[in-house]
Amino acid sequence: MTRAVLLGSRDADQRALAERLCRACVDGLDVDGAAVSVLTARTARATLFSTDPTADLLEELQFSLNDGACIEAATYGAPVMVPDMHHGTETARWPVFAAAVAERATIGALFALPLQWGAVNVGVLDLYRVLPGGLTVAGYADLLRAVDIVALLVINRLTVPAEAADREDADGWPETGSATHYEVHQATGMVLAQLGVDPVVALARMRAYAFAEQRLLVEIARDVVARRLRFTEDMS
Amino acid sequence: MNAELGDRERRIGRAFVALADTMVDDYDVIDLLDRLVGYSADLLSADAAGLVLADNRGALRAVAASSEDAELMELLQLQSDEGPCLDCYRRSVVVRVDDIAEAAHRWPAFVAALENRGAFRSVHALPLRLRGQAIGALNLFHHAPGPLPEDDLVLGQALADVATIGILSERLIRRGEVVNEQLQTALNSRVVIEQAKGVLAQHAGVDMNEAFDLLRRYVRANNLRLADVARRLTVGGLDPAVLLVSR
């Protein structure tokens, strides 16, 4: 499943990534439908892709009620797994949403996985199944891996320097493993404080600088942390 | 208070009580792990201690360290490729390296990195075990070569077990998959905490070590969650100046 998501994903835009992730889930996991939505305040709320009308309905209900598993996953940045939608205690956190779902569709199980980079939520993957029941342990591990990679690919797309966007060597994040370098995260924090921007913009600025200077992102990050490099508004 | 209890026994007792106190409802797993590595270094007279967890891809990632020493973090990171910690994780056994000079043939890159820094001469890695399988490892670094006494290894393993329990019961274990979920949340929290340290380091003009101390002190004095405060510092509009006032 992870492989299916990764195949040719480097040039894919957010919508194409969402579609690939949804299709991989329906093919590889025991679920009937999937959808990816973006819920952050910065971006307009939108469903990037849904596999079928029921998946779409689930997204629409959550948007209009501003309630549900998907909203919770986006808010807390943690997976929300509901193996049995008919179980009162599992759905007690969003009774209105649960009632609205029961009225309009047959949903046995619902799983909401955040696409998360630190505190930044770039979307939520919703999976549903007509029959209740959890995912297998192996399936769930695979799903988390796929979601993790898609989150990095989306952050990658959001922060790739404009000049580098259509070049082959546009620093593909998941491959280089920069994502696990703690200096990149520390530097992101310093740059966001220097510029008064959010983490995504701070990372984008560092990547643009790294690209312009023909250096690695992690090297730029180390310079920032060591205070050899400071970002300013007028720096291009 | 028993006068016959040695100072160390008293400290061990206090550490476990404090850890148990941390593990109340809805606690912060990163905060627990952070305290735990501190106790490990202190009680086992280690010069540094660090905890790594395996991520979704099976790679080891540093989640807590007794000092935010960049070199220590790098050593922990490096072990993603080779080192006592990786062996400990893969084989789910204790790995003892009494003198790293004699281990160059086993992990050439790791030993070279250690020797370059000249700081640590012995390393012990204890597995975080769940149902016979390791989910991570606790690393103890010493400046002086030599074996860790058997008693210390037992105590170290007890601390590693507390870490495992802490990670697993952050929420109730209802399903097998909950382990993955906790690991993912803990690793993600680490990203936010690193970013928050950067915000504080920039704002207060301090290094990462002091920045983390500021964050910890504020969180503990106000009985908040580390990951929540870190999140508010990076995207939630919490003014870093607030953390400096209570300094």
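Just above sits the structure.
I will try to describe carefully the structure that is included in this document. All of these numbers come straight from a predicted model, not from anything done at the bench.

### Describing the sheet that holds strand S1 (residues 33–38) of chain A
All names here are of chain A.
- Strand order in this open sheet of five strands is S2-S1-S5-S4-S3, and the pairing throughout is antiparallel. The strands lining the two open edges of the sheet, one partner per strand, are strand S2 (46–50) and strand S3 (80–82). On average, each strand axis in the sheet is inclined to that of its neighbour by 20°, with strand direction left out of account.
- Bridge count between S3 and strand S4 (residues 109–117): three bridges; the pairing is antiparallel. The residue of S4 that forms the bridge with Met 81 is Phe 111.

### Brief notes about the side chain of Gln 62 of chain A
All names here are of chain A.
- Summarising the element assignment, Gln 62 is placed in helix H3 (residues 53–65).
- A residue is classified by how much of its surface remains accessible, and Gln 62, at 0% relative accessible area, is buried.
- Within the structure, the side chain of Gln 62 is placed 3.4 Å from the backbone nitrogen of Ala 69, a separation counted as a polar contact.
- Here Cys 70 takes part through its backbone nitrogen, which lies 2.8 Å from a polar atom of the side chain of Gln 62.

### So, the nonpolar core
- The biggest cluster of nonpolar side chains holds 112 residues, and the ones touching the most others in it are Leu 113, Leu 125, Leu 127 and Leu 143 of chain A together with Leu 51 and Leu 215 of chain B.
- In terms of residue count, helix H7 (residues 137–159) of chain A provides more of this core than any other element does, twelve residues in total.
- Setting aside its immediate chain neighbours within four residues, Leu 113 of chain A contacts Pro 79, Met 81, Gly 123, Val 124, Leu 125, Leu 127, Tyr 140, Leu 143, Leu 144 and Val 147 of chain A.
- Counting residues in each nonpolar core, the second largest holds 28 residues, with Leu 72, Cys 85, Val 95 and Val 97 of chain B among its members.

### With respect to the sheet that holds strand S3 (residues 95–97) of chain B
All names here are of chain B.
- With antiparallel pairing, five strands are arranged side by side in an open sheet as S2-S1-S5-S4-S3. A single partner strand is all that each edge strand has here, and the edge strands are strand S2 (60–65) and S3. The sheet shows a mean angle of 20° between the axes of neighbouring strands, direction not considered.
- Judged from the five bridges that link them, strand S1 (residues 48–54) and S2 form a sheet pairing that is antiparallel. The residue bridging Ala 54 from the neighbouring strand is Leu 60, located in S2.
- Here helix H6 (residues 150–168) sits on the sheet and contacts S1, S3, strand S4 (122–130) and strand S5 (133–142); the angle it forms with S4, its principal contact strand, is near 40°.

### Comments concerning unusual backbone geometry
- A positive phi angle is found at Asn 66 of chain A, which is not glycine, with a value near 50°.
- Locating Asn 66 of chain A in the fold gives a position in the loop between H3 and helix H4 (69–76).
- With a phi angle near 45°, Ser 45 of chain B is a residue other than glycine that sits in the positive phi range.
- The exposure class assigned to Ser 45 of chain B is exposed, which follows from its relative accessible area of 52%.

Procedures and definitions
Residues numbered from 1 in each chain as written. Chains lettered and ligands numbered in written order. Predicted model: local features only at pLDDT ≥ 70, side-chain atom pairs only at ≥ 80, totals over all residues. Heavy atoms only, no water. Pairing = 2+ DSSP bridges. Helix = DSSP H or I, 4+ residues; strand = E, 2+ residues; numbered from the N terminus. Axes fitted to C-alpha atoms, helices over the stretch in contact; angles between N-to-C directions. Buried < 20%, exposed > 50% of the residue type's maximum accessible area, 1.4 Å probe, protein only. Polar contact = N/O pair within 3.5 Å; in protein donor to acceptor, adjacent residues only side chain to side chain. Core = buried A, V, L, I, M, F, W, Y, C linked by side-chain atoms within 4.5 Å. Contact = heavy atoms within 4.5 Å.

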